[in-house]
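Residue-level listing of the chains:
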Amino acid sequence: MKKTIALVTGDGSGPEMMVVACAIAIEAAKKDDIEIIFEETPMGWNAYHQFGDTLPKESLERAIEIGTIFFGGVGDFKNDSTIGKEKPEMKPEARALLTLRKRMGLLLNFRPMIYYKALAHLANVKPEMISDKGIQQIWIRFLLQDSYFGNANFLEHSLPNTNSWNVAQLWGIKPKSDVSLNDDIVSDLAYYRKETIEKYFRAAFSYARAKGLPLISIDKANVMARYDYWRKIATRIGKEEFSDVPLTHQLVDSANALLFTPEKLHGVIACGNEHGDILSDGAAAALGSMGMMCSSAINPDTGAAMFESGAGTAPTLAGQNKANPLGRILTAAMMLRHIGAEKGASAIENAVRTVLINGYRTIDLVSGREQPEALLGTEEMGYEVLSCL
Ligand code: IPM
Ligand code: MG
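Notes on the structure in this doc start here. (Residues numbered from 1 in each chain as written. Chains lettered and ligands numbered in written order. Predicted model: local features only at pLDDT ≥ 70, side-chain atom pairs only at ≥ 80, totals over all residues. Heavy atoms only, no water.)

Here's the deal with the nonpolar core
Now for step 1: With 77 residues, the main nonpolar core has Phe70, Phe201 and Val352 as its most contacted residues.
Now for step 2: Among the nonpolar cores identified, the runner-up in size contains 22 residues, and Met113, Ala255, Ala286 and Met293 belong to it. (Core = buried A, V, L, I, M, F, W, Y, C linked by side-chain atoms within 4.5 Å. Buried < 20%, exposed > 50% of the residue type's maximum accessible area, 1.4 Å probe, protein only.)

Comments concerning the packing of aromatic side chains
Now for step 1: What the rule picks out here adds up to 15 aromatic pairs.
Now for step 2: Pairing Tyr192 with Trp230 gives two aromatic rings, centres 5.4 Å apart and planes at 45°, and the pair type is tilted. You can see Tyr192 sitting in the loop between α8 (162-170) and α9 (194-211) and its partner Trp230 sitting in helix α10 (residues 225-241), a full 38 residues away along the chain. In terms of burial, Tyr192 and Trp230 fall into one category: buried.
Now for step 3: Aromatic rings pair up to connect Phe142, Tyr192, Tyr200, Phe201, Phe205, Tyr227, Trp230 and Phe242 into one cluster.
Now for step 4: Sitting over the face of the ring of Tyr148, Arg141 holds its NZ or CZ atom 5.3 Å from the ring centroid. (Phe/Tyr/Trp six-rings, centres within 6.5 Å; stacked < 30°, edge-to-face > 60°. Helix = DSSP H or I, 4+ residues; strand = E, 2+ residues; numbered from the N terminus. Lys NZ or Arg CZ within 6 Å of the ring centre and 35° of its normal.)

Points about the pairing of strand β2 (residues 35-40)
Now for step 1: Taken together, the 6 bridges between strand β1 (residues 2-8) and β2 define a ladder with parallel strand orientation. Bridging from a neighbouring strand, Thr4 pairs with Ile37 of β2.
Now for step 2: Each parallel crossover has a hand, and for β1 linked through helix α1 (residues 14-29) to β2 it is right-handed. (Pairing = 2+ DSSP bridges. Right-handed = clockwise from strand over helix to strand, strands pointing away.)

Description of the pattern of salt bridges
Now for step 1: What the rule picks out here adds up to 21 salt bridges.
Now for step 2: Across the pair Asp277 and Arg141 runs a salt bridge, and its minimum N-O distance is 4.0 Å. With Asp277 in helix α12 (residues 273-287) and Arg141 in strand β5 (residues 137-142), this pair connects stretches of sequence that are 136 residues apart.
Now for step 3: Of the charged contacts, one joins Arg337 and Glu349 as a salt bridge, the two residues approaching to 2.9 Å between their closest N and O atoms. You can see Arg337 sitting in helix α13 (residues 326-338) and its partner Glu349 sitting in helix α14 (residues 342-357), a full 12 residues away along the chain.
Now for step 4: Residue Glu349 is classed as partly exposed on the basis of its relative accessible area of 23%.
Now for step 5: It is possible to trace a salt-bridge network through shared partners that takes in Glu39, Arg62 and Glu65. (Salt bridge = Lys/Arg side-chain N within 4 Å of Asp/Glu carboxyl O.)

Structural data, given as structure tokens:
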């Protein structure tokens, strides 16, 4: 079977990491008799230099049409501070990434935290906090709405009525690129819609049930209306439809403190868009390295999906063959599982584990406490994984 996937190689070290991750994905999918065909749909500052837009219309429409995207990350501070100063609306994180999330309805953002014993020297968690069974911590971030889509770039279809716009403008809801020091008040409207929260929790509960894990829901219900609402909906759906799945609630500030006692966050973790952005980086750093983070974003109704490691583009390492490709490679494994290449997905995950056990490291995985077997570049690390498949 052939499977076409839209490819955004991205900015910074993205292209170096993606070349490696794509080669591994193609090879691994052969185990399931799937031939992956990557079709480039350029986005980010690299696309700006080629086509004058960080989100060329053709790329956007074609990527949406294909429906499965392997996304290498966009944005780098050099272009942000030059072109981005004059044309802030072109900054690609919001322009490309958020537009794709919104247009494709990518509600569920899976960020499973994988703890590697071989990387214990990097973890910020005391070893005695990690039981022999390891860590099961699967974050499912609600990837739409909230404060992310609450400025005028994204609200246009959500607030169609002229009166609401007058109120919105009074409160300083404007496109991010229009914000200036002349403003007296600037807001992002943080909102959640009932039907979307319900859909989200049904998916999160089902996932927890399938995995035999409890659901931990994170909120700020003690002070904020939208999280009080979030907690009420979670509780109702849990009680009425998923009484077999244990549900607990955790305030976001205390959840943050629990990142360092991971057995207390054992389970599937449901959290809002902004909370999930912040906490998932913290969880990844607590358990090892940001460079190992893998991530997928899924529309539970259509199956449209984007696979992007949430770990940035490592712009300071760009062009030096130094960035850690393992987050992208593990993200490729999630992508393979999504397209039905289960054998390939497991082969990649096992290969990464083996390479780490064998002591191979990229620069970000080395700390003073460990003498690596070999310090590898991006390409060489990819080659090691490939040869372990
Ligand atoms: C992430 C990233 C993005 C986000 C940025 C690049 C817009 O940090 O996927 O976690 O905030 O969602
Ligand atoms: Mg983030």
